[in-house]
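# Residue-level structural notes
Here's the letter readout for the chains.
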Amino acid sequence: QGEARLRSVSMLVASQLEPTYARTVYPCFDEPAMKATFNIRIVHDPSYVALSNMPAIDVSEMKDENGSLWTVTTFNTSLKMSTYLTAFVICDFDYVTRTERGNEIRIWARKEAVKNGYVDYALSITGPIFSFLEDLLNVSYPLPKTDLVALPDFGAGAMENWGLMTFQESSLMYLPSDKFTSRKAMIAIIVSHELGHQWFGNLVTMNWWNDLWLNEGLSSYFEYLGATFVEPKLPLDKIFYDHVVQPVLREDNEIGVRSLSESEDKIKGSFSLMSLFDSITYNKVKNTKFFLFLVYSKLMSYLKEFSFSNANQDDLWTHIQMVIDAQDEVHLPASVKQIMDSWTCQNGFPVLTLNLTTGTISQEQFLDKKNENSTDSYNNTWIIPISWMRNGSSQPLMWLDKSSKVFPEMQVSESEYDWILLNVNLSGYYRVNYDQLNLKRLARLLENDPKAVPAVSRFQLIDDVFALTQFGYIQIETALELTKYLAREDELFIWNVVLLNLVPEDLESTLKSYEVYPLLKKYLLKRMLPIYHYYADFIRQNVDALEDDYFAQVYLEKLFATACWLGLQDCLNLSSELYAKWMDNPEYKIPFLIRRTVCCYGVAVGSDKEWNFAWEMYNHTGSTKEDKDILLSAMSCAKESWLLYRYLQYGLSDTLFSSNCTSIIILYVVTKDIGHRIAWEFVTENWPLLSERYDKTLWILIHTPSSRYQQKHQVVRIIIG
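Residues numbered from 1 in each chain as written. Predicted model: local features only at pLDDT ≥ 70, side-chain atom pairs only at ≥ 80, totals over all residues. Heavy atoms only, no water.

### Points about the sheet that holds strand β7 (residues 94–100)
Read across the sheet, 5 strands follow the order β7-β8-β9-β11-β10 without closing on themselves; strand pairing throughout is mixed. Each edge of the open sheet carries a strand with a single partner, namely β7 and β10 (158–159). Sheet topology places strand β8 (residues 103–109) next to strand β9 (residues 145–151); 5 bridges connect them, and they run parallel. Bridge assignment links E104 to a residue of β9, and that residue is K145. Contacting β7, β8 and β9, helix α2 (residues 120–137) crosses the sheet at an angle of about 30° to β7. Each of β9, β10 and β11 (164–168) is contacted by helix α3 (residues 182–197), which is oriented at about 150° to β11, the strand it contacts most. (Pairing = 2+ DSSP bridges. Helix = DSSP H or I, 4+ residues; strand = E, 2+ residues; numbered from the N terminus. Contact = heavy atoms within 4.5 Å. Axes fitted to C-alpha atoms, helices over the stretch in contact; angles between N-to-C directions.)

In structure tokens form, the structure reads like this:
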């Protein structure tokens, strides 16, 4: 029995018991394998509603010893489940509801948000995703109700509690006035992920936390299937590789990164349980399409055998092996367990080196060759499925099951039109290091006909060559060969990975990039012009036409900021035009997609008149927190020294800014070309006042000139007080 007593001073109570906090709420054996049924009763203030995993079966009243009246909400006995999934919320929220196949779905949120329709979109997709997953898995959802609660502040982001899912407000709310689909995509993906957990994690739970990926990895895969089902226009395949594959490949090559599945003893000795909730757990296995094909075909029996129970990864391998043994189409070079253990029980991932003259492919762990401590001491070898194409035609799947192997089919002729592409559409979790011969042929192909290579593969080629450069496998000149075609590249998500690798992250100071800036200006600008003008025309004529262009909503700001930073006159003119339009009519909305860039360069190109307008709008009562953040940054873009110095002086004022804004303003100014010197002079002159006022640490970012194409920076810590 769990009881919670609340007085009216409590506005909201919401539980988060994963991984090991159930023991702090009620006495229990708080282990995922020790499943039980739960009878929950909550005693609470009558002006609040209580929610838990199961439907309420009784609501009554009671008086305490002081005569105060309380409401007692009793819930139906839960299904057999793990302790970390028990949940309760006590709130004064309102809800919207619909029923899907007998499952009562309610979305709870602040009354004002419900009234304004902010959770209507979440309600419209939750039922269809539930039905989609039921049909896909052929396993019915076993609960009679599902509550999704939007919490104003929730550090976990979202939690899959069985029948009572909790979400950070921003992960569940969509404003009907929002014309753009990027927020819809985020909501659909997050909701799909938590709904996937109702089967993977709740119905079938990992034996212990060392196999957490059985919960998170599988739910992370189905999140994209569910989101695609309700938002078929979204380019979710590209979103998947851009948001999931590329980031985890960059994280999983660091020294000391754990393997996906560790022994219980190692985790108990070396890791905190919370550290397991990382991108390795969520994303690594779902990046291997071959694995997902195998898993998908046998999940039904896996779910049915282990329903209301627990499983480890070997149980999943056993079920997949049953599929393989019962058919003749797919032939594996080893058992499913041997193949999959090479991916889940070893840390990191491989890089494949291809020699087209001999047809030899070798593998090694992808590590930083520039780092003396980064050596392949484990001599890891993976069993790797290789999807590939030759001259645009898909070829049969090949397997690399040793450190090196000759594939006669991959030997090429002397014709420069004879080329090979491995890991087509990033279907495997590895990087590819081509020999010079093939790289030149691929570079030539891209210049002549970029669409001959699938978009995801172009993305992969660019990301691989820059990662290989960064880690010392190839020279930067080799990587740049593959970017010569970019004037013909029309995919923003590919441009973003180029900019991610070639330009400094903040794009603010040219001083710290003095070596590379003129080279970038010459090399990049002429290649950026076609895609820049394509989108600039939309901005000028019909920005609403981009409401279904997901990557424009996510990455157009970066493209335009880079163009302006590199001095493209049309970009500077466009920023001035839109900023002037806003000054003429403060009700005018600068296009959201490039608002930060327009505000910065509108101030930069202008004079004190433009700066003063930014200051006026910052202090406008209707300005949102996001508006204020954009304008705080924009005011540091001024090119006149006295404006920056005045801005810093304003930052000292108790009446003009809150105290935490001072350090933010200094940080914004110090990163600018002329601001670097001004900010340090200001800090020096005002040191007595700063040291007296702040009894905390102030961080100042000092940038040093860039090395090669990567900016370097150094953080200096100034202790005040």
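Having seen the model, we can carry on.
### Looking at the state of the cysteines
Taken as a whole and assessed by the stated rule, the structure comprises 2 disulfides. One disulfide in the model links C564 with C571; its S-S distance is 2.1 Å. The sign of the -90° torsion about the S-S bond sets the C564-C571 disulfide as left-handed. Judged on exposure class, the residue C564 and its partner C571 are both buried. Between the sulfur atoms of C600 and its disulfide partner C637 the distance amounts to 2.1 Å. Linking C600 and C637, the disulfide has an S-S dihedral of approximately -105° and is accordingly described as left-handed. (Disulfide = S-S within 2.5 Å. Buried < 20%, exposed > 50% of the residue type's maximum accessible area, 1.4 Å probe, protein only.)

### Some points on the UniProt feature "binding site: Zn(2+)" (unreviewed entry) in the protein chain
Here the UniProt-annotated "binding site: Zn(2+)" (unreviewed entry) positions come out as H193, H197 and E216. In terms of the greatest pairwise C-alpha distance, the residues named above, spread along 24 residues, form a tight cluster of at most 8.5 Å across. With respect to the helices and strands, H193 occurs in helix α3. Its relative accessible area of 6% is what places H193 among the buried residues. Summarising the element assignment, E216 is placed in helix α4 (residues 213–230). (UniProt positions renumbered as here; feature names shortened; annotations may be inferred.)

### A few points about the sheet that holds strand β18 (residues 404–406)
The sheet built from 4 strands is open, its strands ordered β18-β15-β14-β20 with mixed pairing. Of all strands in the sheet, those bounded by a partner on one side alone are β18 and β20 (431–434). Strand-to-strand twist in this sheet, taken as the mean axis angle between neighbours without regard to direction, amounts to 20°. By the bridge criterion, 3 bridges tie strand β15 (residues 360–365) to β18 in an arrangement that is antiparallel. Bridge pairing links T360 to V406 in β18. Together, β14 (350–355) and β20 form the strand contacts of helix α13 (residues 455–470), whose direction differs from that of β20 by roughly 75°.

### What about the packing of aromatic side chains?
For the structure shown, the criterion picks out 37 aromatic pairs. For the ring pair Y121 and Y174, a centre distance of 5.6 Å and an interplane angle of 50° mean the geometry is tilted. Here Y174 lies in the loop between β11 and α3 and Y121 lies in helix α2, a separation of 53 residues in the sequence. Taken individually, Y121 and Y174 each receive the classification buried, so the pair is uniform in this respect. With centroids separated by 5.2 Å and ring planes inclined at 70°, the aromatic side chains of Y221 and F222 adopt a geometry described as edge-to-face. We note that Y221, like F222, is buried. These aromatic residues form a ring-pair network of at least three members: W343, F349, F366, W382, Y429, F471 and Y473. The ring centre of Y523 lies 4.0 Å from the NZ or CZ of R527, which sits over that ring. Sitting above the plane of the Y618 ring, K628 keeps its charged end 4.4 Å from the centroid. (Phe/Tyr/Trp six-rings, centres within 6.5 Å; stacked < 30°, edge-to-face > 60°. Lys NZ or Arg CZ within 6 Å of the ring centre and 35° of its normal.)

### A few points about the side chain of D464
Along the polypeptide, D464 turns up in helix α13. Side-chain polar atoms of D464 contact the backbone nitrogen of V432, separated by 3.2 Å. If we skip the residues at most four places from it in the chain, D464 touches R431 and V432. (Polar contact = N/O pair within 3.5 Å; in protein donor to acceptor, adjacent residues only side chain to side chain.)

### Considerations on the nonpolar core
Grouped together as the largest cluster of nonpolar side chains are 233 residues, with contacts concentrated most on W199, I386, L422, L556 and F560. Here L556 is in contact with L492, Y535, I539, L546, F551, L593 and I594, once residues within four sequence places are set aside. (Core = buried A, V, L, I, M, F, W, Y, C linked by side-chain atoms within 4.5 Å.)

### Considerations on the pairing of β15
A regular strand carries its side chains on alternate faces of the sheet. The side-chain alternation of β15 yields one buried face, formed by I361, Q363 and Q365, and one unburied face, formed by T360, S362 and E364. Bridge count between β14 and β15: 6 bridges; the pairing is antiparallel. Looking at β15, one finds that N355 is bridged to T360. Counted along the chain from β14 to the antiparallel partner β15, the turn is 4 residues long, and its residue G359 has a positive phi close to 75°.

### Details of helix α11 (residues 336–344)
Counting buried positions along α11 gives 7 out of 9 residues, so the element sits mostly inside the fold. Of all the positions in α11, only V336, I339, M340, D341, S342, W343 and T344 are classed as buried.

### Examining the confidence of the model for the protein chain
Taken over all residues, the pLDDT of the protein chain has a mean of 86, while the share at 70 or more is 85%. Overall, residues 1–9 carries pLDDT values under 50, and its contacts beyond four positions in sequence, including any with other chains, amount to 26 contacts. Scored below 50 in pLDDT, residues 699–721 makes 75 contacts in the model with residues more than four places away or belonging to other chains. (pLDDT = per-residue confidence, 0-100.)

### Some words on the environment of V89
The residue V89 is located in strand β6 (residues 88–91) in this model. Accessibility expressed as a relative area gives 1% for V89, which makes it buried. Each C-alpha atom of the pair V89 and V149 lies 8.4 Å from the other, and the pair is 60 residues apart in sequence. Apart from the residues within four sequence positions on either side, V89 is in contact with L12, V13, A14, V49, A50, L51, V149, L164 and T166.

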